Amino acid sequence: MSRRTSSEIRDATRATNHQLEREVEIVESDFIERGRAGYRPTMLALFLGAFSTFVLLYCVQPLMPILSDAFGIDAATSSLSLSVSTGMLAIGLLVTGPVSDAVGRKSIMTIALLSASACTLLAAVMPNWMGILIMRALAGLSLSGLCAVAMTYLNEEIHPRYIGLSMGLYISGNSIGGMSGRLISGVMVDWVPWRWTLAIIGIVALIAAILFMCWLPPSKHFSPRPLNWRSVLSGFTVHFRDRGLPWLFAEAFLLMGGFVTLYNYIAYRLLTEPYQVSQALVGLLSIAYLSGTYSSAWAGSLADRLGRHRIFWMFIVMMLVGLAITLFEPISLILIGILVFTFGFFAAHSLASGWVGQRASQAKGQASSLYLFSYYLGSSVAGTLGGAFWFWGGWSGVALFIAVLLSIALAIGALHLRRLA
């Protein structure tokens, strides 16, 4: 009797173990993995989403002088066409992340892209300046739905082995979109009126939104949370109690602040003596974003093998090296410095953004929202403060300001984040 019982126990144990192994295999198969069906359309969809977001966001930047002439407004007022979008995007990030935790990821991102495309098309036909600003504000608010949620979707649906590479590919869509938004509209407006330029960009973004909706798989690892503001506030509190997340939010502020400051004021240096290059050539500086397209994916793949905490700080050092090179007089060295700086920035941003998703054990949408809120806040605050340093000390003053930001970021990365496995 006892023998039969022991044999039955062994058989039952084997059956249980086998069942557990099968369940683990089923769970593992639910993740989207590189080399398997579904990975390529997923990454193409997210790349298109990132690309469209930043094309729609930055397409007005080269149009600002034309808008000044069209509506009889000064440069500061014309710049509102961009600043109202980024401002509303930053505010929206604090809301759309928690909403996505309640209603789902794909639906929020799809609505975001469709709405932003529609607002851009409407901006092209608005008869007055206030109408254009309202549409630009609504476009920025809409785009927060993709910016806040895409990284969370990646961290939930992509197999952990490929998070770094996948996040890098997504960030590369950001860099290409940011570059293309400036280049496409800047070149197109020489051939067609500015309203047609906005309309064409809106139509292209609308097509991209439809492809995004068709190609992106529904979430399989999403667990909805009831939406109430008390839980939202408690989610924020949880993230700020984490040992690493508040420091990653600070890194977003510092790195983006330094990046935007460099691109805001390097043009002033190149437009004055002894360079006096053309405005068109200054616009072509955005081609340096292509180095970020490569570095973001490469750094993510490297992090998958070595760990983010071991290599993150090295890319901040690279940004400092690139900044130092821009202090030399030859324009060829200035351009090399910009390339090195941009390479390091997109690599560091890719690693930090992916790190946030992995450290957040709950309310991942809120964690991503806080990271990106800090990111765009750094762009706004540091980008404006850099002007005071330009007035005080020219490019040397701006470089000093950026160096201070990056030195703080390096101290955080090397002394604190490096200890986090």
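Now for a look at the structure at hand. Computed from a predicted structure; not experimentally measured.

Attention now moves to the packing of aromatic side chains. All told, the structure shown has 15 aromatic pairs when counted by the stated rule. Seen in terms of ring centroids, Phe-259 and Tyr-263 are 5.0 Å apart; in terms of plane orientation they differ by 55°. Their pairing is tilted. Here Tyr-263 and Phe-259 lie together in helix α11 (residues 245–271), a separation of 4 residues that amounts to about one turn. Tyr-263 shares its class with Phe-259; the two are buried. Judged by centre distance (5.5 Å) and plane angle (75°), the rings of Phe-259 and Phe-346 are edge-to-face. Of the two residues, Phe-259 sits in helix α11 while Phe-346 sits in helix α15 (residues 331–359), which places them 87 residues apart along the sequence. Given the relative accessible area of 4%, Phe-259 is considered buried. Members of the aromatic cluster, connected to one another through ring pairs, are Phe-259, Tyr-263, Phe-341, Phe-345, Phe-346, Tyr-371, Tyr-375 and Tyr-376.

In this model helix α7 (residues 129–157) runs 42 Å from its N-terminal to its C-terminal C-alpha over 29 residues, within 8% of the 42 Å that 1.5 Å per residue would give. Taking the largest bend as the criterion, α7 deviates by roughly 35°, centred on Val-149. Most of α7 is tucked away, with 25 of its 29 residues classed as buried.

To continue, consider the packing of helix α14 (residues 308–325) against α15. Running from N to C, α14 and α15 point in directions that differ by 155°, and their axes come no closer than 7 Å. By the angle between their axes, α14 is roughly antiparallel relative to α15. Considering only the axes of α14 and α15, their crossing is left-handed. Class assignment for the residues of the contact of α14 with α15 results in 17 nonpolar, 6 polar and 1 charged.

Here the focus is the packing of helix α2 (residues 39–58) against helix α6 (residues 106–123). Look at α2 against α6: their axes get within 11 Å of each other, and the N-to-C directions meet at 35°. Between α2 and α6 lies a crossing whose hand is left-handed. Facing α2, whose interface residues are Leu-46, Gly-49, Ser-52, Thr-53 and Leu-56, α6 presents Met-109, Leu-113, Ala-116, Ser-117 and Thr-120.

With 20 residues, α2 ought to run about 28 Å at 1.5 Å a step, and its terminal C-alpha atoms sit 29 Å apart, in line with that. Burial runs high along α2: 15 of the 20 residues are buried.

Criteria and cut-off values
Residues numbered from 1 in each chain as written. Predicted model: local features only at pLDDT ≥ 70, side-chain atom pairs only at ≥ 80, totals over all residues. Heavy atoms only, no water. Phe/Tyr/Trp six-rings, centres within 6.5 Å; stacked < 30°, edge-to-face > 60°. Helix = DSSP H or I, 4+ residues; strand = E, 2+ residues; numbered from the N terminus. Buried < 20%, exposed > 50% of the residue type's maximum accessible area, 1.4 Å probe, protein only. Expected span 1.5 Å × (residues − 1). Bend = angle between axes of the 7 residues up to and from the residue. Axes fitted to C-alpha atoms, helices over the stretch in contact; angles between N-to-C directions. Parallel < 35°, antiparallel > 145°, perpendicular 65-115°, else oblique. Left-handed = near helix turned anticlockwise from the far one by under 90°. Nonpolar A, V, L, I, M, F, W, Y, C, P; charged D, E, K, R; others polar. Contact = heavy atoms within 4.5 Å.

Note that all results are geometric; they support no functional claim without further evidence.
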